[in-house]
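Examining the three-dimensional arrangement
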Amino acid sequence: MSIQVERWGTRVGLVLAVAGNAVGLGNFLRFPAQAVQNGGGAFIIPYLVSFILMGIPMLWVEWAIGRRAGRYGHHSSPGALDVLSSGRMWKYIGVFGIFTNLTVAAYYSYIESWTLAYVWYSMTGTFSGMSATQVSDFFSWYLGSDQGLLSFSAPAVLFFAVTLGINLWILSRGLRRGVELASKIGMPILIVFGIFLAVRALTLEAGEHGAMFDAVVGLNFLWTPQFDSLANPKIWLAAAGQIFFTLAVGLGSIHCYASYVRERDDIALNASAAGWTNEFVEIILGSSIIIPIAVAYLGLDWLQDNVGFEMGFRTMPTLFEQWGAVFSTLAGVAWFGLLFFAGITSSLAMGQPVLAFLQDELRVSRNHSVIVFGVAVVMLALPCVLLYNGGAFAEFDYWAGTFSLVVFALAEVILFAWVFGMDKGWEEITRGADMRVPKLFRYVIQYVTPMILLFVFLGALFSPMDGDWSAAVASLFAGEGWPLAADSVIGSVLHIGIEDTRWFIDGEVTRTFIIDMTRLLLLGTFFSIAVAVYFAFGRRDRRIIQEKES
Amino acid sequence: MTRSALITLLITWGIVVFMVVRLFVRVLRKPLEKEKE
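Criteria and thresholds
- Residues numbered from 1 in each chain as written.
- Chains lettered and ligands numbered in written order.
- Predicted model: local features only at pLDDT ≥ 70, side-chain atom pairs only at ≥ 80, totals over all residues.
- Heavy atoms only, no water.
- Helix = DSSP H or I, 4+ residues; strand = E, 2+ residues; numbered from the N terminus.
- Rg over C-alpha atoms; globule rule 2.2 N^0.38 Å.
- Buried < 20%, exposed > 50% of the residue type's maximum accessible area, 1.4 Å probe, protein only.
- Salt bridge = Lys/Arg side-chain N within 4 Å of Asp/Glu carboxyl O.
- Core = buried A, V, L, I, M, F, W, Y, C linked by side-chain atoms within 4.5 Å.
- Contact = heavy atoms within 4.5 Å.
- Buried area = accessible area lost by both parts, 1.4 Å probe.
- Axes fitted to C-alpha atoms, helices over the stretch in contact; angles between N-to-C directions.
- Left-handed = near helix turned anticlockwise from the far one by under 90°.

1. Concerning the overall build of chain A
Along its length, chain A carries 23 helices and two strands. Taken over C-alpha atoms, the radius of gyration comes to 23 Å for chain A, in line with the 24 Å a tight globule of 550 residues would show. Across its three principal axes, chain A shows a C-alpha extent of roughly 80 × 60 × 60 Å. Burial status across chain A gives 61% buried among its 550 residues.

2. Let's talk about the pattern of salt bridges
Residue and element names in this part refer to chain A. Counting across every chain of the model gives 17 salt bridges over all chains. Salt-bridge contacts for Asp434 lead to Arg11; the nearest nitrogen and oxygen are separated by 2.7 Å. One end of the pair, Asp434, is in the loop between α19 (392–430) and α20 (440–462); the other, Arg11, is in helix α1 (residues 11–22), with 423 residues separating them in the sequence. In terms of burial, Asp434 and Arg11 fall into one category: buried. Between Lys91 and Asp82 there is a salt bridge, and its shortest N-O distance comes to 4.0 Å. One salt-bridge network, held together by shared partners, links Arg67, Arg68, Arg71, Glu263, Glu427, Glu428 and Arg431.

3. Side note on the nonpolar core
All names here are of chain A. Counting 196 residues, the largest nonpolar core has Trp8, Phe28, Trp114, Ile293 and Trp335 as its most contacted members. Considering every element that reaches this core, the biggest residue donor is α19, with 20 residues. Ignoring any residue separated from it by four or fewer positions in sequence, one finds Ile293 in contact with Ala201, Leu204, Met316, Leu319, Phe320 and Trp323.

4. Some details on the interface of chain B and chain A
If you look at the interface, chain B gives 25 residues, while chain A gives 36 residues. The contact between chain B and chain A buries some 2700 Å² in all, and 72% of this surface belongs to carbon and sulfur atoms. Joining chain B to chain A, the criterion identifies one salt bridge. For Asp434 of chain A, the salt bridge identified is with Lys30 of chain B, shortest N-O distance 3.9 Å.

5. Brief notes about the packing of helix α6 (residues 95–123) of chain A against helix α18 (residues 366–386) of chain A
Residue and element names in this part refer to chain A. Closest axis-to-axis distance for the α6/α18 pair is 8 Å, and the angle between their directions is 60 degrees. In terms of crossing hand, the pair formed by α6 and α18 is right-handed. Only Phe373, Ala376, Val377, Leu380, Ala381, Cys384 and Val385 of α18 make contact with α6, whose side of the interface consists of Leu102, Thr103, Ala105, Ala106, Tyr107, Ser109 and Tyr110.

Shown next as structure tokens:
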């Protein structure tokens, strides 16, 4: 069966699709939370340094790997890494590029469905007249998270089904008529909604619509530079981590998108344009909505104690309600609408590599690939939806959506710069470039980027209690050991911070049981994909041998 | 807004807007090989 090679229709469409892949819920929910938790003005300097020394170089590396893979008929990470080296094991490192996309798509499309639901609830005036507590409780009700370890809610399942259906329908239309078109529509709408909300937020003054403070108090906190905090490794690690996740590197989706670019087409300018577009959305729009509004109504102290992912759902509708019936509806639709478009352009980018793997390597037709992907996402999403309270969702986010990305990015930059070789690597990056790539980056990619990634990796592995590295080093030298944080990789594996690690208590399953079973499920998924890669490449090798013999 | 915050904000936003506009102008000027065909 011959597979027709797809291509991007337009360059703007390509850049918007890749930017849409990077622009996600994290730009509006994770970035503000990270900035608040890491000293506001102290955060932005290491953040920008990480963007230049790790973000942009990683984008170029992934684009170069992807475009080269496309030349060999591969559009997903196992094949992309396989053609970079004669080593047989690299394709199994490429399994990360399928595993993370598939598993992250499962829980990410679930969060995406919350935003779609909240667009609906905002339009229908559900939050009208509700108190702050009622709006917060509404979110718990929506998730069904008031029923012990199990959580089930019909609206959440319904909106998840609709969201997944929309994703699958767009993916089934192919690259140009599906992903590219959705990005060309979704990204401009997202930016318009973002500008609308940012202007409204930044013009809020104390006393207006019940606001207690001027919105600029939030901006002051975020943008006042605190140079003394630059000596704190915790802030550097947090900034590097944020850059890493916001650009969607280490996920494998950039390999996929770049593989549809022709050999002579530019990648350096495309990657840079997509990266800076993401920064525009994150630094300018992401910092100008949730923080100024929350500070204006609730104050800086409240924000520092309560900032987090769920704040966008639990708190924002109440604050919008202060703006009057019409404006609150518009603001609700704009806020949750922009989150939805940010989410869907990212989840599509997670689906495409899985579809490409099924089509290229396992010779499954496009429509059947979409069905297989849909079924796999539903199967993996079930624990996230039903065991949200039990911790399954958080496990998916931690292992698939956080740690795997760091491992994969570190492995691929070593492969690219040291195994494939920087001479060939630099030639790949600069071939057909529509911009001058400073030669300095050749050395940045070879030495600096892997070092930063190694620090992020070790930081995740050995993260100390309260993120206090100085205290941890002092404790180590005092012979009192390394105080591992419960959310460090080793701390998580060892269940640090959990007093009772039994699976069953009085015949009832415990949270530890759900956490361990979720980890087994994730491991099983990874190895299943590795087995699929083994058979797919074995078959491919046999086919090549047969073709040579005939 | 304090002066130091305003200066940091203006510099950072200025760099970001400048880079996005500059890069997108180049992207729009040079289409893909396929578009040229």
